[in-house]
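Results of the structural survey
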Amino acid sequence: MKLIRVENYEEMSSSAARLVEQQILDNSRSVLGLATGSTPLGLYEQLIRGVQERNISYKQVQTISLDEYCGLSAAHPNSYRYFMNEHLFQHIDIQLDNTHIPDGTASPVEDECRRYEALIDRIGPPHLQILGLGTNGHIGFNEPGTPEASVTHCVKLEESTRKSNARFFSDLNSVPTHAITMGIQSILKSEQILVLASGKKKAPAVKRFLAGGVSEDFPVSFLWKHPHVTLIVDKEAYSLAAAEKE
Ligand code: F6R
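Just so you know, these numbers come straight off a predicted model, no measurement behind them.

**Concerning the overall build of the protein chain**
Counting secondary structure elements, the protein chain contains 8 helices and 10 strands. Against the globule reference of 18 Å for 246 residues, the protein chain gives a C-alpha radius of gyration of 17 Å, in line with a compact fold. Reported as C-alpha extents along the three principal axes, the dimensions of the protein chain are approximately 50 × 40 × 35 Å. Relative to its 246 residues, the protein chain shows a buried fraction of 55%. Of the contacts made within the protein chain by residues no fewer than 6 positions apart, 77% connect residues no fewer than 24 positions apart. Accessible surface for the protein chain amounts to roughly 11,100 Å². Of this, 49% is attributable to carbon and sulfur atoms.

Written out as structure tokens, the structure reads:
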């Protein structure tokens, strides 16, 4: 695994943007795997600037998002489709038909999970998959205990994840209880994986990840099985791992 240490959130975002843009410059038909949440917001801002200021084009790019809440339609302001449209897609020259996100309202949900995994195999897997890191080590919505062989599936969200995401909702009760997520296996299919972590809250998870060892109760640790992973951490997120080394 390649570790890139940077000073702060802004540097993490621009360093990640450089890697994404290089991928697009190398292959204008790239497939990007995308995450939502607070972590990639700065990266997405940089990518938007790349279109405006550096002539980067997403006309032929396809995206595959990691996850979506069950029960929220694309029009719901807290759905991940809405988030991606708001924070990235509507500001770049991507064709919306080329942006893929699980449909949280599809029924039965098992059929939607099968459709999505088949789509990953058909148009993907991503050349570059971007991941945020959950404080409990989750990636996508793969909570501790998710098996390595998992493909796209429906999960019951852990209370810690619901509480952590409640900041985007009016109250905890409004946070959905289930989500559709790409599985560990689906994520490991990607050619390259880029994990981003910023801030003190992520420091314990970064420390445990960097300590090595693969364990089902710490999903991000499965990335040790992948040959091309880059982790970009800022000073705060790296602080506990750094303290360990001293
Ligand atoms: C989002 C996702 C989650 C987040 C993780 C970190 O699509 O899959 O795994 O990446 O919960 O969230 P933030 O970035 O809000 O700290």
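Following the structure, the description resumes.
**Some points on the sheet that holds strand β10 (residues 229-234)**
The strand order β1-β10-β9-β6-β2-β3-β5 describes an open sheet built from 7 strands, whose pairing is parallel. The open sheet terminates on both sides in strands that have one partner only, identified here as β1 (2-6) and β5 (99-100).

**A word on the UniProt feature "domain: Glucosamine/galactosamine-6-phosphate isomerase" (unreviewed entry) in the protein chain**
Annotation from UniProt places "domain: Glucosamine/galactosamine-6-phosphate isomerase" (unreviewed entry) at residues 11-224. Note that residues 11-224 is 34% helix and 14% strand, and that its end C-alpha atoms are spaced 24 Å apart.

**So, a nonpolar patch on the surface**
Among the surface-exposed residues, Met1, Val214 and Trp224 lie close enough to one another that they form a single nonpolar patch of about 250 Å² accessible area. With respect to the element layout, Val214 can be found in the loop between α7 (203-211) and β10.

**Let's talk about the UniProt feature "active site" (unreviewed entry) in the protein chain**
Under the local residue numbering, the UniProt record ascribes the feature "active site" (unreviewed entry) to Asp67, Asn136, His138 and Glu143. Apart from residues lying up to four places away in sequence, Asn136 is in contact with Glu143, Pro144, Glu158, Ser160, Thr161, Asp217, Phe218 and Pro219. Contacts of Glu143, omitting those with residues within four sequence positions, involve Asn136, His138, Lys156, Leu157, Glu158, Thr161 and Pro219.

**Examining the side chain of His226**
Inspection of the secondary structure puts His226 in the loop between α7 and β10. Overall, His226 belongs to the buried group, its relative accessible area being 11%. At 2.6 Å, the side chain of His226 and the backbone oxygen of Ser190 are in polar contact. Those residues in contact with His226 that sit more than four places away from it in its chain are Leu188, Ser190, Glu191, Gln192 and Ile193.

Cut-offs and rules
- Residues numbered from 1 in each chain as written.
- Predicted model: local features only at pLDDT ≥ 70, side-chain atom pairs only at ≥ 80, totals over all residues.
- Heavy atoms only, no water.
- Helix = DSSP H or I, 4+ residues; strand = E, 2+ residues; numbered from the N terminus.
- Rg over C-alpha atoms; globule rule 2.2 N^0.38 Å.
- Buried < 20%, exposed > 50% of the residue type's maximum accessible area, 1.4 Å probe, protein only.
- Contact = heavy atoms within 4.5 Å.
- Areas by Shrake-Rupley, 256 points an atom, 1.4 Å probe, with all protein chains shown as cover.
- Pairing = 2+ DSSP bridges.
- UniProt positions renumbered as here; feature names shortened; annotations may be inferred.
- Patch = residues over 30% accessible without salt bridge, like charges linked within 9 Å, V, L, I, M, F, W, Y side chains within 5 Å.
- Salt bridge = Lys/Arg side-chain N within 4 Å of Asp/Glu carboxyl O.
- Polar contact = N/O pair within 3.5 Å; in protein donor to acceptor, adjacent residues only side chain to side chain.

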